[in-house]
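Breakdown of the fold
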Amino acid sequence: MRCAIVLTCLFVVFGFGAVWAGDLEPSAPPGPTMKSLDEIAPTWSRHLDSTNGEPDGCNSDRFKCVLNDEAVLDMETGLVWQRSPENAILNPWEEQVYRCFNRSTGDRGGWRMPTAFEFMTLLEYLGPDDMGLPPSHPFDGVLSGTTYVSITSDVPDPTKVLGLCCLIPEHQCGLCVDSKAFSFPIWCVRGGRGDASP
């Protein structure tokens, strides 16, 4: 008896074949939940202009100042950087890892120490053997001759760590290697994967 009822139901549901769906053309323009191509999450294949923003470097095609202007969204990578590195408190690497975890820049959590690769995404190639922060960037307080430490350990020697070093922030920047026992300032980031692997 149950089989007969189930088979009858299946016949009623599936036995009539295709159902008319009506006109497939939209009846109105896309609603506000739709995104334009400019609003889709960044891809790493774009080269955006950093010079067409405001005088303080904010709101160019590449960099948007966010979180009460305390942070900078890099539209090329989707990473959010502290607008000003924390230069005042210098600690060994392990302590600085936890300092980033405990940041509340812009009244938001989720900060972490960047990878060496993420630091490199901030730099532009300016000429042969010369990299630096992009022209008209919005970052404040990036010090010359300073190592901003990353989470990435040195592959040949895990007692050392990779960091961002700039002789002059707008020129001659790159990765350097220092002992984790040295004291460093921090420049924290939010978003992305943040893999700790070298």
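Not measured: the values here are computed from a predicted model. (Residues numbered from 1 in each chain as written. Predicted model: local features only at pLDDT ≥ 70, side-chain atom pairs only at ≥ 80, totals over all residues. Heavy atoms only, no water.)

Okay, the confidence of the model for the chain next. With 76% of its residues at a pLDDT of 70 or more, the chain shows a mean pLDDT of 83. Across residues 2-14, where pLDDT falls below 50, the model places two contacts with residues more than four positions away in sequence or in other chains. (pLDDT = per-residue confidence, 0-100. Contact = heavy atoms within 4.5 Å.)

Moving on: the state of the cysteines. Chemically, a disulfide is nothing more than a covalent bond linking the sulfur atoms of two cysteines. Evaluation of the coordinates by the stated rule reveals four disulfides. Residue cysteine 100 pairs covalently with cysteine 188 via a disulfide, S to S 2.1 Å. Between cysteine 100 and cysteine 188, the disulfide has an S-S torsion of -90° and is therefore left-handed. Of this pair, cysteine 100 sits in helix α2 (residues 93-101) while cysteine 188 sits in the loop between β11 (183-186) and β12 (189-190), placing them 88 residues apart in sequence. When sorted by exposure, cysteine 100 lands in the same class as cysteine 188, which is buried. The disulfide bridge from cysteine 165 ends at cysteine 176, spanning 1.6 Å between sulfur atoms. (Disulfide = S-S within 2.5 Å. Helix = DSSP H or I, 4+ residues; strand = E, 2+ residues; numbered from the N terminus. Buried < 20%, exposed > 50% of the residue type's maximum accessible area, 1.4 Å probe, protein only.)

Here we take up the nonpolar core. Within soluble globular proteins, side chains that are nonpolar tend to cluster in buried spots. Ranked by internal contacts, the top residues of the largest apolar core, which has 19 residues, are Trp81, Leu122, Phe139, Leu164 and Trp187. Taken together, the elements giving at least two residues each to this core come down to β1 (63-66) and β9 (160-168). Core analysis: the second largest hydrophobic core is formed by 13 residues, Trp93, Val149, Ile151 and Ile186 among them. (Core = buried A, V, L, I, M, F, W, Y, C linked by side-chain atoms within 4.5 Å.)

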